[in-house]
Amino acid sequence: QDLMDIEAKAGPPRPHCYERHVQPCVAELLGTALFIFIGCLAVLDEPGGTGRLQPALAHGLALAATVAVLGDI
């Protein structure tokens, strides 16, 4: 009887095709686009004295924002 009860229990439902394939690809596309866009904008204008700090901070903040927004996907 116990063996029958274990086999009869259904597992968690499988995610749909959209959640398994499309959603991670869209998140990757948006994250990469934001990361590259912000990084390129940081390099365009170089005010005196910032050197390598401005692009480094821009990439770091873009990465942090991307992970905060798209981290649940």
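Everything here concerns the structure above.
Report on the accompanying structure. Bear in mind that the values here come from a model prediction, so they are computed numbers and not experimental data.

**What to know about the overall build of the protein**
Looking only at helices and strands, the protein features three helices and zero strands. For the protein, buried positions account for 12% of its 73 residues. Of the roughly 6,200 Å² of accessible surface on the protein, a fraction of 67% belongs to carbon and sulfur atoms.

**Section: helix H2 (residues 17-44)**
Given a rise of 1.5 Å per residue, 28 residues ought to cover 40 Å, and the 40 Å separating the end C-alpha atoms of H2 matches this to within 8%. Of all the bends in H2, the greatest reaches close to 30 degrees and is centred on glutamine 23; the proline proline 24 follows between one and four positions later. Turning to H2, its buried residues are Ala27, Gly31, Gly39 and Ala42.

**Some remarks on a nonpolar patch on the surface**
Taken together, the side chains of Tyr18, Val22, Val26 and Leu30 present a nonpolar region at the surface, about 370 Å² in accessible area. Of the residues examined, valine 26 reaches a relative accessible area of 41% and is grouped as partly exposed.

**A closer look at the environment of threonine 66**
Along the chain, threonine 66 falls in helix H3 (residues 53-70). Separated by 36 residues in sequence, threonine 66 and leucine 30 have C-alpha atoms that sit 8.5 Å apart. Beyond its immediate sequence surroundings of up to four residues, threonine 66 is in contact with Gly31, Leu34 and Gly71.

What counts, and at which threshold
Residues numbered from 1 in each chain as written. Predicted model: local features only at pLDDT ≥ 70, side-chain atom pairs only at ≥ 80, totals over all residues. Heavy atoms only, no water. Helix = DSSP H or I, 4+ residues; strand = E, 2+ residues; numbered from the N terminus. Buried < 20%, exposed > 50% of the residue type's maximum accessible area, 1.4 Å probe, protein only. Areas by Shrake-Rupley, 256 points an atom, 1.4 Å probe, with all protein chains shown as cover. Expected span 1.5 Å × (residues − 1). Bend = angle between axes of the 7 residues up to and from the residue. Patch = residues over 30% accessible without salt bridge, like charges linked within 9 Å, V, L, I, M, F, W, Y side chains within 5 Å. Salt bridge = Lys/Arg side-chain N within 4 Å of Asp/Glu carboxyl O. Contact = heavy atoms within 4.5 Å.

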